[in-house]
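# Structural features, examined
What follows is each chain in one-letter form.
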Amino acid sequence: MLDLFGDPSPGSPRLLAEGAWLLPGFATGPGRALLTAIGTVAGHTPFRQMETPGGGRMSVAMTSCGHLGWLTDRSGYRYGVVDPVTGQPWPTMPLILAELAARAAGAAGYPGFQPDSCLINRYAPGTRMGLHQDRDEADMAHPIVSVSLGLPAIFLFGGRTRTGPVQRVPLHHGDIVVWGGPSRRFYHGVAPVAAGEHPLAGPFRYNLTFRRAG
Ligand code: SIN
Ligand code: FE2
């Protein structure tokens with residue numbers, strides 16, 4: 001029987017913090033097309049495990065599309081217009097990605113979002129992303145739109161400081177998290193991804209992080 005007064009349906013947006021929303025299943029419909037777009041981008045500009053300023057390697061493999069790509073190496077974190085691996089500009093952001101990001105931002109209360117950067121993260125089982133802030137962007141007035149595809153993961157969503165309480169938010173294929181405004185600089189990360197096989201993405205979790213970087 002339909003329970004109108006029980007838990008919200010899986011599709012209901014959930015407020016995580018002021019300015020931060022989980023949009024469950026927002027990208028499930030186009031999931032297959034999004035994964036195809038990721039494959040096309042990676043065909044031009046391959047996934048790579050970048051070096052950190054401290055000399056280690058990111059466990060997550062990354063590539064980018066859009067005008068600006070996020071980079072890390074011995075000289076630090078930054079955005080660049082050229083992929084250092086190919087020596088070419090990053091591939092144009094596929095329209096299906098840019099439109100999805102704009103729609104999700106709008107649904108979370110950030111109309112008119114026009115990302116110029118899409119970082120594509122690929123998590124193999126066991127890989128994780130430590131708590132960090134996204135703070136390499138020129139103008140913090142724009143939100144972050146973060147799309148999850150493939151294997152599930154636990155998103156760690158903290159607050160203004162690295163040491164404060166952290167929410168553990170399960171993310172599934174097609175879920176989107178948008179944060180901005182008062183939570184734009186909130187610490188966040190991803191717990192180690194458990195092994196599995198996703199019908200569309202195989203043994204990986206993919207994340208698309210859309211930003212207005214320049
Ligand atoms: C990130 O913060 O860069 C990635 C977040 C995620 O993979 O969900
Ligand atoms: Fe981030």
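Anyway, here's the lowdown on the structure attached to this text. For clarity, every value in this text was computed on a predicted model and none was experimentally measured.

Of the protein atoms, only His132 (NE2), Asp134 (OD) and His188 (NE2) coordinate the iron ion (ligand 2), at distances of 2.1 to 2.2 Å. Note that the iron ion (ligand 2) binds four donor atoms; their angles at the metal cover 89 to 175°, and the shape is irregular. Written as a sequence motif, the donor arrangement for the iron ion (ligand 2) is H-x1-D-x53-H. Linking His132 in strand β7 (residues 129-132) with His188 in strand β12 (residues 188-190), this pair joins segments that are 56 residues apart in sequence.

Per the counting criterion, the structure on display carries zero disulfides. Cys65 takes part in no disulfide bond, and the closest cysteine sulfur to it belongs to Cys118, at a distance of 4.2 Å. Look at Cys65 and you get buried, because its relative accessible area is 0%. Among the residues examined, Cys118 registers a relative accessible area of 0% and is labelled buried.

Following the sequence through the fold, Asp83 ends up in the loop between β5 (76-80) and α2 (95-107). Asp83 sits in the buried class, given a relative accessible area of 0%. There is a polar contact of 2.3 Å between the side chain of Asp83 and the side chain of Thr45. If near-sequence neighbours (up to four positions away) are discounted, Asp83 is found in contact with Thr45, Arg48, Gln88 and Trp90.

Moving on, we get to the pattern of salt bridges. Applying the stated criterion to the full structure yields seven salt bridges. Residue Arg211 pairs with Asp134 through a salt bridge whose shortest N-O separation is 3.0 Å. With a gap of 77 residues between them, Arg211 in strand β13 (residues 205-211) and Asp134 in the loop between β7 and β8 (144-150) connect regions that are remote in the sequence. Each of the two residues, Arg211 as well as Asp134, counts as buried. When salt bridges with common partners are traced through the structure, they connect Asp134, Glu137, Arg184 and Arg211 into a single cluster.

Below, the discussion takes up α2. The terminal C-alpha atoms of α2, which comprises 13 residues, lie 18 Å apart, in line with the 18 Å expected from a rise of 1.5 Å per residue. Positive backbone phi, at 95°, marks Gly109, one or two positions downstream of α2.

With that settled, the discussion passes to the packing of helix α1 (residues 31-44) against α2. Interaxial distance between α1 and α2 falls to 9 Å at its minimum, and their mutual angle equals 130°. The angle between α1 and α2 falls in the class oblique. Note on packing geometry: the crossing formed by α1 with α2 is left-handed. Contacts between α1 and α2 involve Ala33, Leu34 and Ala37 from the former and Ile96, Leu97 and Leu100 from the latter. Its residues assigned to classes, the contact of α1 with α2 shows six nonpolar, no polar and no charged.

Let us now look at the site of ligand 1. Every residue close to ligand 1 is listed here: Asn121, Tyr123, Met129, His132, Ser146, His188, Val190, Arg205 and Asn207. In this structure, Arg205 approaches ligand 1 through a side-chain N or O atom, which is 2.8 Å from an oxygen atom. Between ligand 1 and Asn207 there is a distance of 3.2 Å, counted from an oxygen atom to a side-chain nitrogen or oxygen. Here ligand 1 loses 99% of its free accessible area of 260 Å² to cover by the protein chains. In this structure the site holding ligand 1 corresponds to the largest pocket. Of all the secondary-structure elements, those providing two or more residues to the shell around ligand 1 are β6 (117-123), β7, β12 and β13. A class-by-class count of the residues in the shell around ligand 1 yields three nonpolar, five polar and one charged.

About the criteria used
Residue positions within a chain follow its written sequence, with the count starting from 1. Labels follow written order: the first chain is A, the first ligand is 1, and so on. Whole-chain, interface and lining totals are the exception, using all residues; otherwise, since this is a predicted model, local features are given only for residues with pLDDT of at least 70 and side-chain atom pairs are given and counted only at 80 or more. No hydrogens and no water enter the side-chain calculation; it runs on all heavy atoms of the structure. Here the coordinating atoms are restricted to nitrogen, oxygen and sulfur within 2.8 Å of the metal centre, or 3.2 Å for Na, K and Ca, and because water is not among them the sites may look incomplete. A four-donor site is called tetrahedral if each angle lies between 85 and 135 degrees; a four-donor site is square planar, and a six-donor site octahedral, when trans pairs exceed 155 degrees and the remaining angles lie between 65 and 115; all other cases are labelled irregular. Helix and strand definitions follow DSSP, with helices as H or I runs of at least four residues and strands as E runs of at least two, each counted in order from the N terminus. Count a disulfide wherever a pair of cysteine sulfur atoms falls within 2.5 Å. Working definition: with a 1.4 Å probe on protein chains only, accessible area under 20% of the residue-type maximum means buried, over 50% means exposed, and in between means partly exposed. Any pair of nitrogen or oxygen atoms within 3.5 Å is treated as a polar contact; in protein, a donor-acceptor pairing is required on top of that, and neighbouring residues in sequence qualify only through side-chain atoms on both sides. Throughout, a residue-residue contact means that at least one pair of heavy atoms, one from each residue, lies within 4.5 Å. For salt bridges, the criterion is a side-chain nitrogen of Lys or Arg within 4 Å of an Asp or Glu carboxyl oxygen. In this scheme, a helix's expected span is set at 1.5 Å multiplied by one less than its residue total. Lines are fitted to the C-alpha atoms to define the axes, a helix being fitted only along its stretch in contact, and any angle between axes, read from their N-to-C directions, falls within 0 to 180 degrees. For this classification, under 35 degrees means roughly parallel, over 145 means roughly antiparallel, 65 to 115 means roughly perpendicular, and everything else is oblique. The sense of a crossing depends on the near helix, which, turned anticlockwise from the far helix by less than a right angle, makes the crossing left-handed and, turned clockwise, makes it right-handed. Put simply, Ala, Val, Leu, Ile, Met, Phe, Trp, Tyr, Cys and Pro go in the nonpolar bin, Asp, Glu, Lys and Arg in the charged bin, and everything else, Gly too, in the polar bin. Put simply, a residue is near a molecule or strand once any heavy atom of it comes within 4 Å of that molecule or strand. Calculation of accessible area relied on Shrake-Rupley with a 1.4 Å probe; when residues are assessed, cover is drawn exclusively from the protein chains displayed. Cavities and pockets were defined on a 1 Å grid built over protein atoms only: a cavity is a set of grid points that admits a 1.4 Å probe from which the probe cannot escape, a pocket is an open set flanked by protein on both sides within 12 Å along at least five of seven lines, and lining residues are those with an atom within 4 Å of any such point. Here the criterion for a molecule occupying a pocket or cavity is that more than half of its atoms lie within 2 Å of the pocket grid points.

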